[in-house]
There are 2 protein chains.
Amino acid sequence: MELLDVPVPLMLTKIFRYIDISKETFINNLKEVVAIPSISCDMKHRGDVMKMLRWIEKALKNVGAKTELCETVTQNYEKGKTISQPPILLATTGNDSKKKTLCVYGHVDVKNAQMEDGWDSDPFIMVQRNGKLCGRGTTDDKGPILCWIQVLEAFLKMKVPVPINIKFVIEGMHEIGSQGLNKLIVSKRNTFFSGIDYCCITDGYWLGTVKPCLTYGLRGLCYFTVEVTGGKKILDSGHFGGAVYEPLHDLIFMLNSLVDLNGDIDIPGLDKDIAPMTPTEESLYKNIDVDTEEIRRVLGVPKVKYEDCRIDHLMSRWRRPSLSVHGIEKVPSDPGVHTIIPNRAIGKFSIRIVPNQKPERVKEFVITYLDRLFDVRRSPNRMKVEMIFSAPAWVGDPTCSYNFKAAQKAVCIAYKMKPDLIREGGTVPIASRLHQVTGSSVLLLPIGAADDGAHGNDEKLNVSNYIGGHKMVAAYLYELGIKR
Amino acid sequence: MELLDVPVPLMLTKIFRYIDISKETFINNLKEVVAIPSISCDMKHRGDVMKMLRWIEKALKNVGAKTELCETVTQNYEKGKTISQPPILLATTGNDSKKKTLCVYGHVDVKNAQMEDGWDSDPFIMVQRNGKLCGRGTTDDKGPILCWIQVLEAFLKMKVPVPINIKFVIEGMHEIGSQGLNKLIVSKRNTFFSGIDYCCITDGYWLGTVKPCLTYGLRGLCYFTVEVTGGKKILDSGHFGGAVYEPLHDLIFMLNSLVDLNGDIDIPGLDKDIAPMTPTEESLYKNIDVDTEEIRRVLGVPKVKYEDCRIDHLMSRWRRPSLSVHGIEKVPSDPGVHTIIPNRAIGKFSIRIVPNQKPERVKEFVITYLDRLFDVRRSPNRMKVEMIFSAPAWVGDPTCSYNFKAAQKAVCIAYKMKPDLIREGGTVPIASRLHQVTGSSVLLLPIGAADDGAHGNDEKLNVSNYIGGHKMVAAYLYELGIKR
């Protein structure tokens, strides 16, 4: 890959130098926060989530931020049992009306991790291996949050004024659906969330392992359950097989009707609202470096769809809806030999939706279709389809927003490379929510690489990405602060 | 129901009286064996299975039996770990060459049970509630085994010679597939299993709760797994949904193709070998008292198949093959919200087969069909169908065998009712095996009632069935022993 000859602005050279000499300290800080097992899905670790929030609050105060821990809703976690959710941390650095204001979102909670999942070392004791910082939360999202705070420290220590005001939104419930976050943002839309010019989320990953990227789009999600109920009891297939209408037969029929032979969505109407391709969007795809054979190899699958067409492959992941069946509840999934007829079966599937598709319309198409199908089947069992969760797709304006221009420039300064402008197929509901509430441009600025394995075993963040991330963030702040 | 006026033969009156006065003792004995948690599927309880076998061995010795505990095979229960299986108990009472010889099969092991499954009281502390003996194993199969031993005690105590020689086969691995039993029977076909005139299995249940029955047929079983494997890793549906061929889509397609819209088998060839209905068989169906509406109510299902035709309903359970899907392995089945694309999915289904169907032919039809279907689908994933277990169907000769005539007479004596001659839809592989090896007539003589809930919570045996069962067994021995 050819490197660009982009000079580092004078003001940033001091900052970059501070970052370079602080490398070991920054790594030690990351080690310190990885050691706090802030696992949000495990009630036992709620205290650790709180500890993490306090750690970050203190660090933000040290770089001059004003902070506030906002209580949110109470969570029902079992029938009749409730637990207070961790608060959401809001922080502000700078209050200069002549400067622009950036809103940064991050989360301090992590997914569960244990040696049995196949980790090479304790997931909560960060170790350095071959230039990689290995441990739970290194890349998702503790490393990226530290980048922001430590860059502010660099400005402070180097006595360089921070070029922009920053408002931080840091939560500890991201990995279990950010309950309470939405409500908080809406309730503070005219206070904390007013006067914001740009938003930045340091989530997501590069498309590969070498070239940085900026993410300007995400698919949304419509999550469904289809439940078929027959009788009140699980029956023995010997006694009653052949004499009853089996709920699992019904459910399998319904789930099979959702996709065609190729595994593509086969629900009437669902293709109606998809945003058409624009020439600008098309041109963005053309510039992206991606190798479908390499992806196939990394995923270990026998074949990817559209293997001969790079652009089609990316479009299938980023800008076309897809449907996946995730599991079936109430039905045995263990290795045993079962001869039961389950009396109830709940299929779970989700559709990743794309710009212009509205969750409510998708819900209507799906429910109408499955209801009609079930009528055709004439089963005496009961069938119920529900959309239990949804989030709209999000797409930013990468070619005309200054937010993206500044980030692009920042990447050039920090990495001497022009970033790919990409979308991601996953769903980060906060992106469209921040755009909606602040009215400003939202940008996803990934710090980690494609192979970081965020939710898997041996999660890591390359030292080069961690240090490069600091420089990218510093350059981004610098670029955003330039008078235009 | 009208009761028959069948006199009790003089020789049996003493036996029946002994049974009546021993009621409390017999109930206490059952309580004693229920308290031994001989759960065969749980390695921790292997000692209890052994304890049960020893208890029964001692009881058989007390009524004059010669016993032998035969070691069987070693079981692999985890990768690299083996455990000795409980031995099989063989016992002989009587050795009079002028008498006929009966072989009785039973098992002392039980399915697991715990309060959390919804029991009203500790499953291993038998209690009496409304004429019911509630506890794990009361009806399946500890109660029935005690009937035999205690009837022998009655003959002994009343100084009435037992009219027939009996050979007992008692095992402790029934609930987990009777591993080792087959091998033992074959190895002793010319010794222990020679010279047998009749076989009796006191397993199964009455068709309802009032009228006894004799069972002359059972469906067999062909158990299949269909495995679809895509890549090496579980993928995120956000990142890769739409770009990969999802194994679960493939599997659902395959499973859906096994049955038609009505849930009936749709595999070419599978109907080829089914034994045609004979006039004799048809006449047996006509005499059976069964109410499809009552069955529907007991099962709690919205509708049973063939609800308007009693005979068709029974035929669908007893003499037609059926296909049930039991579960899907490697795919989440818990209540959580998952957004994964499983990289592997194993469907489990079984076909209950009927007379004239051969497991090997069924296997061939199924594999040929699914292989062809998968070719049509053109998925790049790997698909593998396997038949992991099979047992042939069994059908006896209820109208001409003296075994059935004697049992019929015994029921009339003990219950003043003519039993229904029924089949069952389940599979008891020992039935056809005993017929094959001994060449004699096999009979299933159910002691429990339809609502005993053998493998479920609150398993019970009615006191009336337990005591009636003793009388029925005594009368059966008497009838079998009559010189013809």
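Residues numbered from 1 in each chain as written. Chains lettered and ligands numbered in written order. Predicted model: local features only at pLDDT ≥ 70, side-chain atom pairs only at ≥ 80, totals over all residues. Heavy atoms only, no water.

## With respect to the sheet that holds strand E20 (residues 460-462) of chain B
All names here are of chain B.
Then, number 1: Ordered in space as E6-E7-E20, the three strands form an open sheet in which the pairing is antiparallel. In this open sheet, the two edge strands, each paired with only one partner strand, are strand E6 (127-129) and E20. Recorded for the sheet is a direction-independent mean angle of 30° between the axes of neighbouring strands. (Pairing = 2+ DSSP bridges. Helix = DSSP H or I, 4+ residues; strand = E, 2+ residues; numbered from the N terminus. Axes fitted to C-alpha atoms, helices over the stretch in contact; angles between N-to-C directions.)

## Overview of the relation of the copies chain B and chain A
Then, number 1: Between chain B and chain A, which share one sequence, the superposing operator has a rotation angle of 180° and an axial displacement of 0.2 Å; the RMSD is 0.2 Å. In short, the pair behaves as if placed about a two-fold rotation axis.
Then, number 2: By residue overlap, the copies meet face to face through one surface: 100% of the interface positions of chain B are interface positions in chain A. (Least-squares fit on C-alpha atoms with pLDDT ≥ 70 in both. Contact = heavy atoms within 4.5 Å.)

## A word on empty space enclosed by the protein
Then, number 1: On inspection of all chains with the given rule, the structure shows six cavities of 30 Å³ or more.
Then, number 2: Looking at the largest cavity, its volume works out to about 80 Å³.
Then, number 3: Surrounding the largest cavity, Val244, Tyr245, Glu246, His249, Asp250, Arg377, Arg378 and Ser379 of chain A together with Leu261, Asn262, Gly263 and Lys305 of chain B form its lining.
Then, number 4: Tallied by class, the residues present in the lining of the largest cavity amount to three nonpolar, four polar and five charged. (1 Å grid on protein atoms, 1.4 Å probe; cavity = no way out; pocket = protein on both sides within 12 Å on 5 of 7 lines; lining within 4 Å. Points joined across faces, edges and corners; volume = space filled by probe spheres on them. Nonpolar A, V, L, I, M, F, W, Y, C, P; charged D, E, K, R; others polar.)

## Focus on the interface of chain B and chain A
Then, number 1: If you look at the interface, chain B gives 73 residues, while chain A gives 73 residues.
Then, number 2: For the chain B and chain A pair, buried surface summed over both sides reaches about 6,100 Å², with 56% attributable to carbon and sulfur atoms.
Then, number 3: The largest contributions to the chain B side of the interface with chain A come from Tyr245, Leu261 and Leu299 of chain B, which together make up 10% of the buried area.
Then, number 4: One can count zero salt bridges joining chain B with chain A.
Then, number 5: Those elements giving two or more residues to the side of chain B that touches chain A turn out to be strand E12 (235-236), helix H6 (237-240), helix H7 (247-256), helix H9 (292-299), helix H10 (310-318), strand E13 (322-329), strand E14 (340-341) and strand E15 (344-353) of chain B.
Then, number 6: A total of eight residues in the side of chain B that touches chain A trace back to one element, the largest contributor, which is E13 of chain B.
Then, number 7: The residue makeup of the side of chain B that touches chain A, split by class, is 31 nonpolar, 26 polar and 16 charged. (Buried area = accessible area lost by both parts, 1.4 Å probe. Salt bridge = Lys/Arg side-chain N within 4 Å of Asp/Glu carboxyl O.)

## Comments concerning helix H8 (residues 279-286) of chain A
All names here are of chain A.
Then, number 1: The complete set of buried residues in H8 reads Glu281, Leu284 and Tyr285. Angular distribution of buried residues about the axis of H8 spans 100°; they occupy a single face of the element. Of the residues in H8, the exposed ones pointing more than 90 degrees away from the buried face are Pro279 and Lys286. (Buried < 20%, exposed > 50% of the residue type's maximum accessible area, 1.4 Å probe, protein only. Arc of directions from axis to C-beta.)

## Digging into the environment of Leu218 of chain B
Residue and element names in this part refer to chain B.
Then, number 1: Mapped onto the fold, Leu218 is located in strand E10 (residues 213-218).
Then, number 2: A relative accessible area of 3% places Leu218 in the buried class.
Then, number 3: Considered as a pair, Leu218 and Asp308 are 90 residues apart in the sequence and their alpha carbons are 24 Å apart.
Then, number 4: In this view, Leu218 contacts Ala393, Trp394, Glu424, Gly426, Val428, Ala431 and Leu444; residues no more than four positions away in its chain are not counted.

## Digging into the domain arrangement of chain A
Residue and element names in this part refer to chain A.
Then, number 1: In terms of domain boundaries, chain A breaks down into domain 1 (10-218 + 394-481) and domain 2 (221-275 + 319-391).
Then, number 2: One C-alpha centre belongs to domain 1, the other to domain 2, and the line joining them spans 37 Å.
Then, number 3: Together domain 1 and domain 2 conceal approximately 470 Å² of surface at their shared face, both sides included; 59% is due to carbon and sulfur atoms.
Then, number 4: When the buried area of domain 1 at its contact with domain 2 is split by residue, Arg423, Thr427 and Pro429 rank highest and sum to 67% of it.
Then, number 5: In this structure, the connection of domain 1 to domain 2 is made through one residue pair in polar contact (both at pLDDT 80 or more).
Then, number 6: Here the side of domain 1 that touches domain 2 is built from residues that sort into two nonpolar, three polar and one charged. (Domains from an automatic or database assignment. Polar contact = N/O pair within 3.5 Å; in protein donor to acceptor, adjacent residues only side chain to side chain.)

## Details of the packing of aromatic side chains
Then, number 1: In the structure shown here, the tally under the stated rule is 16 aromatic pairs over all chains.
Then, number 2: Aromatic side chains Trp148 of chain A and Tyr476 of chain A sit 6.3 Å apart centroid to centroid with 75° between the ring planes, which places their arrangement in the edge-to-face category. Within this pair, whereas Trp148 of chain A is found in helix H4 (residues 138-157), its partner Tyr476 of chain A is found in helix H14 (residues 463-481), the two being separated by 328 residues in sequence. Both residues of the pair, Trp148 of chain A and Tyr476 of chain A, count as buried.
Then, number 3: An aromatic cluster is defined as three or more aromatic residues linked by ring pairs; in this entry it consists of Trp148, Phe168 and Tyr476 of chain A.
Then, number 4: Sitting above the plane of the Phe192 of chain B ring, Lys167 of chain B keeps its charged end 5.2 Å from the centroid.
Then, number 5: In this structure, Arg320 of chain B packs its charged tip against the face of Tyr306 of chain B, placed 5.3 Å from the ring centre. (Phe/Tyr/Trp six-rings, centres within 6.5 Å; stacked < 30°, edge-to-face > 60°. Lys NZ or Arg CZ within 6 Å of the ring centre and 35° of its normal.)

## Points about the sheet that holds E13 of chain B
Residue and element names in this part refer to chain B.
Then, number 1: Taken in spatial order, the four strands make up an open sheet running E13-E15-E11-E16, and their pairing is antiparallel. Each having just a single partner strand, E13 and strand E16 (382-391) make up the two edges of the open sheet. Strand-to-strand twist of the sheet, defined as the mean angle between neighbouring strand axes without regard to direction, takes the value 20°.
Then, number 2: As judged from the 10 bridges shared by strand E11 (residues 220-229) and E15, these two strands associate in the antiparallel manner. Its bridge partner lying in E15, Gly220 is registered against Ile353.

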